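Survey of secondary and tertiary structure
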Amino acid sequence: MRKRLTAAVLAVLLAVTAVPCAVMAEKKEEKLTRITLNEVAHSIFYAPQYVALEKGYFREEGLNVDLVTGFGADKVMTALISGEADIGFMGAEASVYAFQEGANDPIINFAQGTQRAGNFLVAREEMPDFQWTDLKGKKVLGGRKGGMPEMVFEYILKQNGMDPQKDLSIDQSIDFGSTAAAFAGDSSSDFTVEFEPSATALEKEGTGHVVASLGVDSGYVPYTSYSARTSYIEKNPEIIQRFVNGLQKGVEFVRKHTPEEIAAVIAPQFPETDADTLTTIVKRYYDQDTWKENLIFEEKSFELLQDILEGAGELSERAAYEELVTTEFAEKAAK
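Since this is a predicted model, take the numbers as computed values, not measurements.

The next subject is the pairing of strand 4 (residues 107-114). In terms of burial, strand 4 is a largely internal element, eight of the eight residues being buried. The pairing of strand 4 with strand 10 (residues 224-229) spans six bridges and is antiparallel. Counted as the bridge partner of Thr 114 is Thr 224 from strand 10.

Written out as structure tokens, the structure reads:
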């Protein structure tokens, strides 16, 4: 009887103490500002962002970030314009296109995400001595017309003296997420341009072999950036600053830790990817200096982006750096 009474008393005490704890946790959650971040794709390429989420850096800044994958810059842009998303993460070219079309509430880039392209050229066979001129007369599964993956690919071809329209055949009809499956299931293409984890998956299946990195061969390119509507930034500068502060902590973690340590932190974001594969992919991006030491979107990077857009025939008129980029938040976060 005494044991039963003791157990009952303990149960009551636990219940009583649990209630205040739950209430406190709920109140703490209520204090967080909820924002929606729409990313162009869910990729290991964006490791600093996932480190910030998994390490709680955004929460330390008082933000509860709802992460949504848009599956394409066009969809991210639509979500931003409609107000469905507060912050967008995509190629900065999308903001230039919207500006060209006369956007009433321009999308402003306030932080640069990556400084190299994140895709790789995959061939049917191993090619240890690969040269870009080896693509002459070949068929390649490319990216969407006007998108950064395709434009950087064409930029590299031109840098190597090739004409993207005449010297090879680039298939741009297949959806971004379906090219790897198309390459594996149809032998009519000689090469495919793939992001991770698709490139590594093709290698593990024995279906393809990575022969070149577009990130390495294109040089430093402002491949992705964080952006928001002008009106949202003007109304919520403190939210943007807190977001960039949290993201900067993620960048610093990635710069100071090994691929193995980074992979371990972001693993919950990629439950379908085994630890060895995850580490391999992180190391591949790590070794090519994918991530900047800060989030400042510099003018020379923006001008290079527009050079690439012009070269691809996608830019009718250049936009002024000051019209589409602000660095105040990234500069404060970097101090």
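Counting 103 residues, the largest nonpolar core has Phe 110, Leu 121, Trp 132, Leu 135, Phe 153 and Phe 243 as its most contacted members. With eight residues, helix 11 (residues 237-256) is the single largest residue contributor to this core. If we ignore the near neighbours within four places in the chain, the residues touching Leu 121 are Phe 130, Trp 132, Leu 135, Val 140, Phe 191, Thr 192, Val 193, His 209, Val 210, Val 211, Ala 212 and Leu 214.

On to the pairing of strand 5 (residues 119-123), then. The buried fraction of strand 5 is high, at five of five residues. Across the two faces of strand 5 the burial is the same, with Asn 119, Leu 121 and Ala 123 and Phe 120 and Val 122 all buried. When strand 5 meets strand 8 (residues 191-195), the two strands line up antiparallel, connected through five bridges. If you follow Val 122 over to strand 8, its bridge partner there is Thr 192.

Time to look at helix 5 (residues 93-100). Of all eight residues in helix 5, six are buried, a share of seventy percent or more. Of all the residues in helix 5, the buried ones are Glu 93, Ala 94, Ser 95, Val 96, Tyr 97 and Ala 98. Elements in contact with the buried residues of helix 5: helix 4 (73-82), strand 3 (87-90), strand 4, helix 6 (148-159), helix 14 (299-311) and helix 15 (321-324).

Moving on, we get to a negative patch on the surface. Taken together, the side chains of Glu 299, Glu 317, Glu 322 and Glu 323 present a region of like negative charge at the surface. Locating Glu 317 in the fold gives a position in the loop between helix 14 and helix 15.

Once that is clear, we can look at the sheet that holds strand 2 (residues 63-69). Across a sheet, strands are paired by hydrogen bonds formed along the backbone, either parallel or antiparallel in direction. Taken together, five strands build an open sheet; the order of strands is 2-1-3-10-4 and the sheet is mixed. Pairing within the sheet leaves two strands with one partner each, and these edge strands are strand 2 and strand 4. Pairs of neighbouring strands in the sheet enclose a mean axial angle of 25 degrees, with direction left out of account. Here strand 1 (residues 33-39) runs beside strand 3; their pairing, made up of three bridges, is parallel. The residue bridging Asn 38 from the neighbouring strand is Gly 88, located in strand 3. Across the sheet, helix 2 (residues 47-54) is in contact with strand 1, strand 2, strand 3 and strand 10; its angle to strand 2 comes to roughly 135 degrees. Running over the sheet, helix 4 touches strand 1, strand 3, strand 4 and strand 10 and is turned about 165 degrees from strand 3.

Definitions and limits used
Sequence order sets the numbering: in each chain, residues are counted from 1 along the sequence as written. Residues qualify for local features only when their pLDDT is at least 70, as the model is predicted, and side-chain atom pairs are given and counted only at 80 or more; totals for whole chains, interfaces and linings, by contrast, use all residues. Side-chain metrics rest on all non-hydrogen atoms present in the structure, leaving aside hydrogens and water. Partly exposed residues are those whose accessible area sits between 20% and 50% of the maximum for their type, while under 20% is buried and over 50% is exposed, using a 1.4 Å probe and protein chains only. Helix and strand definitions here come from DSSP, where helices need a minimum of 4 consecutive H or I residues and strands a minimum of 2 consecutive E residues; each element is numbered from the N-terminal end. Strand pairing follows a simple DSSP-based rule, namely that at least 2 bridges must link the two strands. Here, the term nonpolar core denotes a set of buried Ala, Val, Leu, Ile, Met, Phe, Trp, Tyr and Cys residues that are joined through side-chain atoms within 4.5 Å. Residues count as neighbours in contact if any of their non-hydrogen atoms are within 4.5 Å of one another. The patches reported here contain residues having more than 30% relative accessible area and no salt bridge. Joining distances are 9 Å for like charges and 5 Å for nonpolar side chains (Val, Leu, Ile, Met, Phe, Trp, Tyr). Accessibility throughout is a Shrake-Rupley quantity obtained with a 1.4 Å probe, and a residue counts as covered only by protein chains that appear here. A side-chain nitrogen of Lys or Arg and a carboxyl oxygen of Asp or Glu constitute a salt bridge if their distance falls within 4 Å. Just so you know, the count uses Lys and Arg for positive and Asp and Glu for negative, and it drops His and the chain ends. Charge positions are represented by NZ for Lys, CZ for Arg, CG for Asp and CD for Glu. Axis angles are defined between N-to-C directions and span 0 to 180 degrees, where every axis is a line fitted to C-alpha atoms and, for a helix, only to the segment in contact.

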